[in-house]
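Chain by chain, the residues run as shown.
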Amino acid sequence: MKELTQKYGKESLTVLFGLAVWLFWNNLYWGHLQHQELLQMFLFDADYWNERISVVGGFADYIAEFLTQFNYIRPIGALIMAILFVLLQRLVWRIAKKEGAHSHYYPLSFLPAMLLWCMLCHEDSLLSLPIALLLTLATIRIYQLIQPTIWKNLYSLLAIPVLYWLAGPVHFVFTLWLVLTCCTSTGANKGKWMIIIASLLIAGLAPYITSFYLHYPLSGLFRGLNYFRTPTDYPLWIPLSAISFALIPWLMRLLPPFAKQAVVKSYAFGIVLFAAAGFLIWNQADGPREEVFQYHQLACRNDWERIIAKAEKKSPTEPLAVNCLNLALGKTGQLTSRMFHFYQNTIRTLLPVYSQDFITPIVASEVCYHLGMINEAQRYAFEGIQGTLNYRKSARVYKRLAETNLINGNYKVAKRYLAALQKTIYYKGWATRTMEFVNKPELIDKHPEWKRLRQYRFKNDFLFSEQQMPAILLQLFYSNSDNTMALEYLYAHLLLAHEFKILIEHLSLMNEAGYKHVPRSIQEAVVHYWRENYDDYSKLPFRVQQPILQEMEEFARTFNFAKENKQQLLESRFGKTYWYYLFRISK
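What you are looking at is a predicted structure, and each value in this text was computed from that prediction instead of being measured. (Residues numbered from 1 in each chain as written. Predicted model: local features only at pLDDT ≥ 70, side-chain atom pairs only at ≥ 80, totals over all residues. Heavy atoms only, no water.)

Residues Met373, Tyr489, Ile522 and Val526 are the most contacted members of the largest nonpolar core, which totals 114 residues. With 10 residues, the single largest contributor to this core is helix H25 (residues 484-496). Excluding anything up to four places from it in sequence, Val526 contacts Leu503, Ile504, Leu507, Leu540, Pro541 and Phe542. Ile80, Ala101, Ile196 and Ala277 belong to the second-largest nonpolar core, a separate cluster that totals 71 residues. (Core = buried A, V, L, I, M, F, W, Y, C linked by side-chain atoms within 4.5 Å. Buried < 20%, exposed > 50% of the residue type's maximum accessible area, 1.4 Å probe, protein only. Helix = DSSP H or I, 4+ residues; strand = E, 2+ residues; numbered from the N terminus. Contact = heavy atoms within 4.5 Å.)

In this section: the packing of helix H7 (residues 128-145) against helix H8 (residues 149-167). Two packed helices can be described by the angle between their axes and the distance between those axes. Where H7 meets H8, the closest approach of the two axes is 11 Å, and the angle between their N-to-C directions is 170 degrees. When the interaxial angle is binned, H7 and H8 end up roughly antiparallel. Residues Ala132, Leu135, Thr136, Thr139, Ile142, Tyr143 and Gln144 of H7 form the contact with H8, whose own contacting residues are Lys152, Tyr155, Ser156, Ala159, Leu163 and Ala167. Tallied by class, the residues present in the contact of H7 with H8 amount to 8 nonpolar, 4 polar and 1 charged. (Axes fitted to C-alpha atoms, helices over the stretch in contact; angles between N-to-C directions. Parallel < 35°, antiparallel > 145°, perpendicular 65-115°, else oblique. Nonpolar A, V, L, I, M, F, W, Y, C, P; charged D, E, K, R; others polar.)

Right, let's talk about a nonpolar patch on the surface for a bit. A contiguous nonpolar surface patch, about 840 Å² in accessible area, is contributed by Leu201, Leu205, Tyr208, Ile209, Phe212, Tyr213, Leu218 and Phe222. At the level of elements, helix H10 (189-210) and helix H11 (218-223) are the ones that each hand at least two residues to the nonpolar patch. Here the nonpolar patch gets 4 residues from one element, more than from any other, and that element is H10. Relative to the helices and strands, Tyr208 is located in helix H10. Overall, Tyr208 belongs to the partly exposed group, its relative accessible area being 41%. (Patch = residues over 30% accessible without salt bridge, like charges linked within 9 Å, V, L, I, M, F, W, Y side chains within 5 Å. Areas by Shrake-Rupley, 256 points an atom, 1.4 Å probe, with all protein chains shown as cover. Salt bridge = Lys/Arg side-chain N within 4 Å of Asp/Glu carboxyl O.)

Another point: the packing of aromatic side chains. Enumeration over the complete set of coordinates arrives at 44 aromatic pairs. Geometrically, the ring pair formed by Phe42 and Phe44 is edge-to-face, given 5.0 Å between the ring centres and 80 degrees between the ring planes. On the basis of relative accessibility, which here comes to 2%, the residue Phe42 falls in the buried class. Here Phe44 and Phe66 contribute two aromatic rings whose centre-to-centre distance is 6.2 Å and whose plane-to-plane angle is 85 degrees, an arrangement assigned as edge-to-face. A residue pair is termed long-range when its members are at least 10 positions apart, and Phe44 in the loop between helix H2 (30-38) and helix H3 (46-53) and Phe66 in helix H4 (residues 58-68) qualify at 22 residues. The class for Phe44 is partly exposed, based on a relative accessible area of 43%. Taken together, the ring pairs connect Phe42, Phe44, Tyr48, Trp49, Phe59, Tyr62, Phe66, Phe70, Tyr72, Tyr426 and Tyr427 into an aromatic cluster. Between the NZ or CZ atom of Lys152 and the centre of the ring of Tyr143, over which it lies, the distance is 4.4 Å. The lysine or arginine in question, Arg379, covers the ring of Tyr380, its NZ or CZ lying 4.6 Å from the ring centre. (Phe/Tyr/Trp six-rings, centres within 6.5 Å; stacked < 30°, edge-to-face > 60°. Lys NZ or Arg CZ within 6 Å of the ring centre and 35° of its normal.)

The next point concerns the confidence of the model for the chain. The predicted coordinates ought not to be read in detail in places where the model reports low pLDDT. Chain-level statistics for the chain give a pLDDT mean of 91 and a share of 97% at 70 or above. Here helix H1 (residues 2-28) is the element of the chain with the lowest mean pLDDT, 82, and H4 is the one with the highest, 97. (pLDDT = per-residue confidence, 0-100.)

Shown next, in the form of C-alpha cells:
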C-alpha cells in the first residue's frame with residue numbers, strides 16, 4: 001500500500017485537482033466562464049494576429065483569446081481551464097524537483113495555481129496571465145535543461161526581453177527565480193553577481209525602452225496591458241499569484257524532508273493547504289455577479305424554460321438577473337400571472353436603468369429586442385460594445401447588431417457585421433446562413449422571428465425616454481395588437497409602480513389582446529386598491545375570483561393582528577402574492 005501511495009499518490013492528487021477545477025468552472029462558476037467569451041471576438045485573419053502581436057504580451061493574449069472562444073461550449077471551456085491549471089501545477093513541481101525539492105512537499109506545488117484560481121474568480125481577470133505564466137514556467141524549465149553554464153547564462157539574458165515581448169511583465173517572475181537560484185547556488189561568486197546584475201538591468205530596462213516605441217503609459221508596460229480588463233485597476237492577486245510561481249519552487253528546495261511518518265504528514269499538510277486554498281477561492285467567488293451572468297447566458301440562448309426552472313429552485317435577487325427572469329416570463333406568457341411568485345423590487349427589474357458598463361446595456365438590449373423596440377435594442381447593444389474597458393469587440397453583440405440591421409433593412413451594415421462573424425468559429429455557420437438574407441431580403445418575411453419583429457417595430461423615430469415606458473409600451477401595442485408581450489410589460493410596469501388607476505383604465509385592452517381571464521396578479525392589485533378606497537367589492541371593474549377575495553381578507557387580518565413573526569407568517573402563506581410584495585417593499 002505504501003509503495004502504491006508513493007508511486008501513484010502524486011498523480012492521483014493532480015487528477016483530483018484537475019477534476020475539481022473542471023467541476024468548479026462547469027457546474028458552479030460557469031456564468032463567469034461564458035461571460036469571458038461574450039466579451040471578445042477572436043478572428044482568424046492576419047490583421048487580427050498583427051494587431052495582437054504588435055503589443056507587449058500580445059502573443060499570450062492571442063493564445064488566451066483563442067482558448068477563451070471555446071467557453072461558448074461550457075464543458076469544453078471548463079476542460080481547457082482544468083488542463084491549464086494542471087500544466088501550471090506540474091511545471092511548478094518539475095522545476096522544484098529539478099532543484100532538489102522532496103516529494104513530501106508535493107502538495108505545496110498546487111499553491112501558485114490556487115492563488116491564480118482566486119484571481120480568475122474576478123469577472124475582469126483575463127486568461128492572458130495564466131498563459132503568460134505557463135510560458136514563463138516553460139522558459140524556466142528549458143533553462144534547467146541547458147547544461148553548459150555559459151549557454152545557460154546566455155539563454156537567460158536573451159530569454160528576458162523575448163519573454164517580455166511575448167508574455168508581458170511576467171518576465172519579472174523569470175528574473176526573480178533566476179536571482180533566487182543564483183543566490184543559493186554554489187558557483188563562482190563573481191559570475192553569479194554578474195548574471196544577477198545583468199538580468200535585473202535587462203528586466204528593468206525592457207519596459208522603459210518599449211515605452212519609446214509603444215504609446216502606452218509606463219505603468220501599464222510595467223504591470224501588464226492584458227492581464228486585467230480594467231486599465232485603472234490592479235488587484236493584489238495579480239502580483240501575488242505571479243510571484244508565487246517563482247517563490248514556491250525556490251522555497252520547496254529549502255524545506256527539509258519529514259523525518260517520521262512522512263506519508264501521513266505529507267497528506268495532512270496537503271489537506272490543510274487545500275482547505276485553506278478552498279476557503280480563499282470560495283471567499284473570492286462573486287455570487288451575485290455569477291447569478292447575473294448565469295441568467296444572462298440563458299437569456300442570450302433563448303432558454304426561457306430553463307430560466308424559470310432555475311428561478312423556481314431559488315429566486316434571483318440581483319436586478320439584472322430578475323430582468324432576465326421577467327423576460328422569460330414575458331416570452332412564455334406568464335409575466336402578469338407569475339411575476340410575484342419570484343422576487344421583484346422596482347420597475348428596474350423590467351428594463352435596466354442605463355449604466356456605463358457592458359452587461360447592463362446588453363441585458364437592456366435583450367429586453368428591447370424581444371419587445372420589438374429594435375432601434376433601442378441596437379442602441380443598447382452598440383453602447384454595450386463601446387463600454388468594454390479593454391476596447392475589445394463581442395461576437396455575441398455583433399450577431400445582435402446584424403439582426404437589428406437586417407430587421408431595419410440596413411443590409412449593407414448587416415453585411416459588415418456578418419463578414420466579421422464569418423471569421424470566427426462558433427458564429428461562422430450562423431453568419432454564412434444569414435448572409436443569404438442580405439442577398440435576398442424577401443426571405444426575411446419568411447423568417448418567423450424577424451418577420452414578427454419587423455411588424456412590431458416602430459415605423460417612425462421619436463425621442464426614447466425610460467421615464468416614458470408606459471406610453472412607449474402602450475404605443476407598441478397600439479401599433480400591433482399581436483404584440484401581447486408589450487401589453488404584459490405595460491401591466492407589469494404599472495403593478496411595480498403602484499399605478500392602480502392607470503392599470504384599471506387600460507384593463508379593456510385585454511379583450512383586444514385575446515385574454516381569456518384577468519391574470520391573478522392584476523386581480524390581487526385591483527382588489528387591494530378597491531379595499532383601500534371603497535367600502536365593498538360590489539363595484540369592481542371585473543369579476544374577481546372568490547378565493548382571491550377571501551385571501552385578501554385573510555391577509556389583512558394577519559397583517560393587522562399578528563404581533564409576533566408577522567413577516568414569516570405572511571411570507572409562508574402569501575409569499576407569492578402581490579400583497580406580500582407591497583408589504584416587503586414598504587419595510
